[in-house]
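The primary structure of each chain is shown beneath.
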Amino acid sequence: AQSVSQHNHHVILSEAASLELGCNYSYGGTVNLFWYVQYPGQHLQLLLKYFSGDPLVKGIKGFEAEFIKSKFSFNLRKPSVQWSDTAEYFCAVMIGGATNKLIFGTGTLLAVQP
Amino acid sequence: ETGVTQSPTHLIKTRGQQVTLRCSSQSGHNTVSWYQQALGQGPQFIFQYYREEENGRGNFPPRFSGLQFPNYSSELNVNALELDDSALYLCASSQRQGDWLETQYFGPGTRLLVL
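An account of the accompanying structure is given in this report. (Residues numbered from 1 in each chain as written. Chains lettered and ligands numbered in written order. Predicted model: local features only at pLDDT ≥ 70, side-chain atom pairs only at ≥ 80, totals over all residues. Heavy atoms only, no water.)

1. Details of the pairing of strand β8 (residues 74-78) of chain B
Residues and elements named next belong to chain B.
Point 1. Along β8, five of the five residues are buried, which leaves the element largely enclosed by surrounding structure.
Point 2. Examined bridge by bridge, strand β3 (residues 19-24) and β8 share five bridges and lie antiparallel to one another. Opposite R22, over in β8, you have E75 as the bridge partner.
Point 3. Turn length for the strand β7 (residues 64-68)-β8 hairpin, with the two strands adjacent in sequence and antiparallel, is five residues, and the turn residue Y72 shows positive phi of about 75 degrees. (Buried < 20%, exposed > 50% of the residue type's maximum accessible area, 1.4 Å probe, protein only. Helix = DSSP H or I, 4+ residues; strand = E, 2+ residues; numbered from the N terminus. Pairing = 2+ DSSP bridges.)

2. Structural notes on the state of the cysteines
When the sulfur atoms of two cysteines share a covalent bond, that bond is a disulfide.
Point 1. Under the criterion given, the structure shown has two disulfides over all chains.
Point 2. For A:C23, the disulfide goes to A:C91, at an S-S distance of 1.9 Å. Linking A:C23 and A:C91, the disulfide has an S-S dihedral of approximately -65 degrees and is accordingly described as left-handed. Here A:C91 lies in strand β10 (residues 87-95) and A:C23 lies in the loop between β3 (19-21) and β4 (24-26), a separation of 68 residues in the sequence.
Point 3. Among the residues examined, A:C23 registers a relative accessible area of 0% and is labelled buried.
Point 4. Here A:C91 falls in the buried class, since its relative accessible area comes to 0%.
Point 5. Across a sulfur-sulfur distance of 1.7 Å, B:C23 and B:C91 are joined as a disulfide pair. The chirality of the disulfide connecting B:C23 with B:C91 is left-handed, given an S-S dihedral of about -50 degrees. (Disulfide = S-S within 2.5 Å.)

3. Observations regarding the pattern of salt bridges
Residue and element names in this part refer to chain B.
Point 1. One pass over the full model with this rule turns up eight salt bridges over all chains.
Point 2. A salt bridge links R57 to E54, with the nearest nitrogen and oxygen atoms 3.4 Å apart.
Point 3. A salt bridge links E82 to R63; its shortest N-O distance comes to 3.3 Å. One end of the pair, E82, is in the loop between β8 and β9 (87-94); the other, R63, is in the loop between β6 (53-57) and β7, with 19 residues separating them in the sequence.
Point 4. Judged by its relative accessible area of 39%, E82 falls in the partly exposed class.
Point 5. Here R63 falls in the buried class, since its relative accessible area comes to 16%. (Salt bridge = Lys/Arg side-chain N within 4 Å of Asp/Glu carboxyl O.)

4. Points about the interface of chain B and chain A
Point 1. The partner chain A presents 24 residues to the 25 residues of chain B that form the contact.
Point 2. Buried surface at the junction of chain B and chain A, summed over both partners, amounts to about 1800 Å²; 57% is from carbon and sulfur atoms.
Point 3. Three residues, B:W100, B:T103 and B:F106, lead the burial of chain B against chain A; their summed loss comes to 31% of the area buried on that side.
Point 4. At the boundary of chain B with chain A, the tally comes to zero salt bridges.
Point 5. Where chain B touches chain A, the interface holds six residue pairs in polar contact (both at pLDDT 80 or more).
Point 6. Elements represented by at least two residues in the side of chain B that touches chain A include exactly β4 (31-37), β5 (44-50), β6, β9, β11 (100-101) and β12 (105-106) of chain B. (Contact = heavy atoms within 4.5 Å. Buried area = accessible area lost by both parts, 1.4 Å probe. Polar contact = N/O pair within 3.5 Å; in protein donor to acceptor, adjacent residues only side chain to side chain.)

In structure tokens form, the structure reads like this:
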């Protein structure tokens, strides 16, 4: 069955530190890839997405992600985090087919200390 | 804001009861997907509605059912509630064009507690 793995369940960083959150998926066919973010008390929001083209995609708030097809990975990065980045981050994969459902990872809770 | 709204925001029910959750999709979107997010987990796909018909279902029993209306809004119904149904229920709105569904935009969710 298709699945998404996020390697870090909890990450604690100081402001200005660099961030990389890992995401791997298991599916051999064509995929669309997403990172969603859930800030405290807010709904799930799209951070960035990859459908095709340049495997390095840029999202909102200085986030970027790189799709490495050979590694089935879509890691999220930010060079310098801020306290306001404290949130839960979800990687999601959309596979082809009639439904195109999203398969989510279990999420990574990021706490940024001022 | 995504333009996707859900009601109610919170709900408390007891085991065996039935519940209906509602979702209004973003203007211009023709597809609604429902997800269940248990505490500490990522959202799990329940089912999807497109053009008022179910268009795919995840690993959820038949007591989870839904509807989509001509204005593309949707309902999720759960019968015979169980304690494990306690979760955040998310509605996602999107547009289907061709073979792929475009980006899904989520509502704020309905938090259901089953006692």
